[in-house]
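Coordinates in review
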Amino acid sequence: MTLLLAAAEVERAAALLRAGELVAFPTETVYGLGADARNGRAVAAVFEAKGRPHFNPLICHFAEAEAAFAEALPDDRARALAERFWPGPLTLVLPRRPACRVDLLAGAGLDTLAVRVPAHPLALALLRAADVPVAGPSANRSGQVSPTTAQHVLDGLSGRIAAVLDGGPCTVGVESTVLDLAAGGAALLRPGGVPVEAIEAVIGPVARPIPVSAAAATRTLRSPGMMLSHYAPVLPVRLEATEVAAEEALLAFGEPLPGAGAIWQLSAARDLREAAARLFAGLRWLDAEGARLGLARIAVMPVPQAGLGAAINDRLERAAAPRE
Ligand code: TXA
Ligand code: MG
């Protein structure tokens, strides 16, 4: 049985975490599947509950930058970015400190650690109350669409985790930007809630490696989260739609194309923030509605690539990629 906890029950959620249980919690990006990152058994249970490959490392969440930097070693760029964007949707990949308490399995055995301070008040309250580093991948079964409500978490993980702390719908709606600073340069491992242009305004040019297949990611291990097929709805996804058939469900951005069998509007005003916040709920809804109506696939209208559009298009390309 998975408990649905209200905001007032944050202490109870923290006690469960400290006892080694899995507790999903809201962040400004998506819901995370929390576990005490020091506890190898709890971390192993996260991989188990998600059905996640063990080569794909987890992000550790902290209530303050100093707590994060006690486990992972920042340079001046990391400090400047933390100052500017934390709490917020930015994850920094840094060298593990020798005394790092985070279980090696959480970092998939890498000598780096991904750390972030989330901006959601309930996440911060939970992290403060638990007072441990909290490993937190998105709270969905591996490969499926990330959850932006407590109900989405229950849809995928009910019975597999102890509790979900309900903080309402997530306001950003796409995951954090993952930036690798550990190897000396700066590389974008995942576009996300902080546009890369905003990061470059603080630290200068950021490399943008191209996504690789799961097979190649397994071989290189540099960036396991960049595997192509991810965020996958059940229905096939067709991108850059400029016309739509009656047998298709439409993910609209701006004035909807005429003739679709079902429509989810990302943003009528073509606002990228609104579109990001509504993206994963839309994929889930079109999937369910499409199945109910017997539709063939989801067609997606073009979304501009600038700013948050890069994160939205990244998730859509993965949703449309051949399933591996
Ligand atoms: O917004 C978010 O980041 C959400 C919320 C819950 O914080 N979390 C999230 O976690 O999206 P997850 O596990 O679904 O994605 C973590 C990403 C993966 O792509 C993973 O490969 C990458 O971060 N990652 C984690 N640790 C890493 C490391 N040491 N080196 C390189 N990439 C790493
Ligand atoms: Mg995820």
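Please refer to the structure higher up on the page.
Below, the structure is looked at part by part. (Residues numbered from 1 in each chain as written. Chains lettered and ligands numbered in written order. Predicted model: local features only at pLDDT ≥ 70, side-chain atom pairs only at ≥ 80, totals over all residues. Heavy atoms only, no water.)

1. Digging into the sheet that holds strand β11 (residues 237-238)
Reading across the sheet, the 4 strands line up as β11-β14-β12-β13 and stay open at both edges, with parallel pairing between neighbours. The open sheet is flanked by β11 and β13 (262-265), the only strands paired with a single partner. With 4 bridges joining them, strand β12 (residues 248-252) and strand β14 (residues 297-300) adopt parallel strand pairing. Bridge pairing in β14 places A249 opposite I298. Along the sheet, helix α9 (residues 272-293) makes contact with β12, β13 and β14, crossing β13 at roughly 170°. (Pairing = 2+ DSSP bridges. Helix = DSSP H or I, 4+ residues; strand = E, 2+ residues; numbered from the N terminus. Contact = heavy atoms within 4.5 Å. Axes fitted to C-alpha atoms, helices over the stretch in contact; angles between N-to-C directions.)

2. What about the environment of V174?
With respect to the element layout, V174 can be found in the loop between β8 (163-165) and β9 (177-180). Setting aside residues up to four positions removed in sequence, V174 forms contacts with T29, V30, G192, G193, A276, L279, F280, L308, A311 and R315.

3. Focus on the environment of S142
Turning to its location among the elements, S142 is positioned in the loop between β7 (134-135) and α6 (150-157). With 88 residues separating them in the primary sequence, S142 and H230 have C-alpha atoms 7.9 Å apart. Beyond its immediate stretch of four places on either side in the chain, S142 contacts K50, G51, R52 and P53.

4. A word on helix α4 (residues 76-85)
Taken together, the buried positions of α4 are occupied by A78, L81, A82 and F85. Considered in projection along α4, the buried side chains sweep an arc of 100° and stay on one side of the axis. The exposed set on the far side of α4, more than 90 degrees from its buried face, consists of D76, E83 and R84. The inward-facing, buried residues of α4 abut α3 (65-69), β5 (90-95), β9 and α7 (196-203). (Buried < 20%, exposed > 50% of the residue type's maximum accessible area, 1.4 Å probe, protein only. Arc of directions from axis to C-beta.)

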